[in-house]
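Breakdown of the fold
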Amino acid sequence: MRDPFILAGHEIAAGDRRLVNLPMPDLSSQTGIHMPVHVLHGKRSGPVLFISAAIHGDELNGIEIIRQVLASKSLSRIKGTLIAVPVVNAYGLIHVSRYLPDRRDLNRVFPGSDNGSLAARLAKLFIQEIVSVCTHGIDLHTGSGHRTNLPQIRADLDDPETERLARQFGVPVMLNSSVRDGSLRGSASEMGIPTLLYEAGEALRYNDMAIRAGVSGILNVMRALDMLPATRSSRGKVKDPFVARSSRWIRAPESGMFRATVGLGAQVSKGDIVGHIASAAEGNRHEIRSLHDGVIIGRMELPVVHEGDAVMHLARFSDDIDEVGNHVELFQQDHGNVD
């Protein structure tokens, strides 16, 4: 029998699962608040994987993804240890806000400090109690600022283990994304912990396709880590994703009312019309055209835009763009395209 797993002073026996509530700084009303942490400690040894959601308090898909992962019957056969944190930024969730009460973005202050701002103290708590005891990580996010994202993995693909797991996640598009200073992924990488960032859907909304893809992706990674046994349905099922060589935002050429004419995952060619900007006062309309060949992986959902606003995120590929487009279309069909 394995030794117990220790998290924040709590002892979890091999074969047990436990909900540990990590104390966080009180609300201004002096009401206590905590970070819920689910720990599943398998009977057999293996990796220690953390999955985290709601680092931004308005990014809700990850909360439901983790709930469904924890409800999966396959976890009864887990090797190693799973640490699942559905709500990292409880302050933001309470206020339906991306930020903390001090107006800081939690994903810009890692690894944090014991004596800094509220954001820095929360970041330090997460690094000290969660990340430091793990071997791998998956951080769940959505688009922000009224933008929605096609399910995609962003990771340091120059690291062989990170690339291996990113390919096994099972989304059609990967972005080789350098780590951002102050991010959880950046701090985890500096600690030698391969970490994937899953982006899908938009803030403040559940997206069924994004949730289904996230649940299956996490289980795929756990199988790749030998934390879960392979199933007949999973053997050979994961298709190799396409790696975007670059991406750029198509921006509004003028202010007005934006309306997209292509959906997420659409394959576009240079010069194709991807949307229009209409004048709210005069009623005239102007075309927005793609500047390159590629696939739409992000889109503005709020019609009200100003000149220069990012309205379409276009990924560019070295591969045959038709092949990429077909792969994205099959993925959307498999997971239920809700666009």
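Quick summary incoming for the structure in this document.

Criteria and thresholds
Residues numbered from 1 in each chain as written. Predicted model: local features only at pLDDT ≥ 70, side-chain atom pairs only at ≥ 80, totals over all residues. Heavy atoms only, no water. Core = buried A, V, L, I, M, F, W, Y, C linked by side-chain atoms within 4.5 Å. Buried < 20%, exposed > 50% of the residue type's maximum accessible area, 1.4 Å probe, protein only. Helix = DSSP H or I, 4+ residues; strand = E, 2+ residues; numbered from the N terminus. Contact = heavy atoms within 4.5 Å. Phe/Tyr/Trp six-rings, centres within 6.5 Å; stacked < 30°, edge-to-face > 60°. Patch = residues over 30% accessible without salt bridge, like charges linked within 9 Å, V, L, I, M, F, W, Y side chains within 5 Å. Areas by Shrake-Rupley, 256 points an atom, 1.4 Å probe, with all protein chains shown as cover. Salt bridge = Lys/Arg side-chain N within 4 Å of Asp/Glu carboxyl O. Lys, Arg positive; Asp, Glu negative; His and termini not counted. Charge placed at Lys NZ, Arg CZ, Asp CG, Glu CD. Pairing = 2+ DSSP bridges. Polar contact = N/O pair within 3.5 Å; in protein donor to acceptor, adjacent residues only side chain to side chain.

With that out of the way, let us pick up the nonpolar core. Residues Leu82, Tyr198 and Met222 are the most contacted members of the largest nonpolar core, which totals 66 residues. Examining the composition of this core, we find that nine residues originate from one element, helix α6 (residues 208-224), more than from any other. Leu82 has contacts with His38, Val39, Leu40, Leu49, Ile51, Val69, Leu70, Leu75, Met222 and Met227, leaving out every residue within four places of it along the chain. Core analysis: the second largest hydrophobic core is formed by 36 residues, Met35, Ile83, Leu122 and Ile127 among them.

Turning our eyes to something else, we now look at the packing of aromatic side chains. Tallied over the full model, the rule gives three aromatic pairs. Centroid distance Phe110 to Phe126: 6.4 Å. Interplanar angle 70 degrees. Geometry classified as edge-to-face. In this pair, Phe110 is assigned in the loop between α2 (90-94) and α3 (118-129) and Phe126 in helix α3, connecting sequence segments 16 residues apart. We classify Phe110 as buried; its relative accessible area is 5%. One aromatic cluster is present, formed by Phe50, Phe110 and Phe126 through successive ring pairs.

Below, the discussion takes up a negative patch on the surface. Together, Asp319, Asp320, Asp322 and Glu323 give the surface a local cluster of negative charge. One can find Asp320 in the loop between β18 (310-317) and α7 (321-335).

This part takes up the sheet that holds strand β15 (residues 285-289). Reading across the sheet, the four strands line up as β15-β14-β12-β17 and stay open at both edges, with antiparallel pairing between neighbours. Edge positions in the open sheet fall to β15 and β17 (304-305), since each of these has one partner strand only. With four bridges connecting them, strand β12 (residues 256-260) and strand β14 (residues 273-278) associate as antiparallel partners. Bridge assignment links Phe258 to a residue of β14, and that residue is Ile277.

Inspection of every chain in the model, using the stated rule, returns 12 salt bridges. The partner of Arg98 in a salt bridge is Glu59, with the nearest N and O atoms 3.3 Å apart. Of this pair, Arg98 sits in the loop between α2 and α3 while Glu59 is found in the loop between β5 (44-52) and α1 (61-70), placing the two residues 39 residues apart along the sequence. Taking the relative accessible area as the measure of exposure, Arg98 reaches 15% and is therefore buried. The exposure class of Glu59 is buried, given its relative accessible area of 2%.

Summarising the element assignment, Lys270 is placed in the loop between β13 (267-268) and β14. Residue classification places Lys270 among the exposed residues on the basis of a relative accessible area of 63%. Discounting chain neighbours no more than four positions away, the residues touching Lys270 are Ser290, Leu291, His292 and Asp293.

Quick look at the environment of Ala54 now. Mapped onto the elements, Ala54 comes out in the loop between β5 and α1. Of the residues examined, Ala54 reaches a relative accessible area of 0% and is grouped as buried. Residues Ala54 and Val274 lie 220 residues apart in sequence; the distance between their C-alpha atoms is 31 Å. Every residue in contact with Ala54, bar those within four places of it in the chain, is listed here: Glu59, Ile63, Pro86, Val87, Val88, Asn89 and Leu140.

Here we come to the side chain of Glu64. Inspection of the secondary structure assignment puts Glu64 in helix α1. One polar contact links Glu64 to Gln68, side chain to side chain, over a distance of 2.8 Å. Apart from residues no more than four positions distant in its own chain, Glu64 is found in contact with Tyr206 and Ile211.

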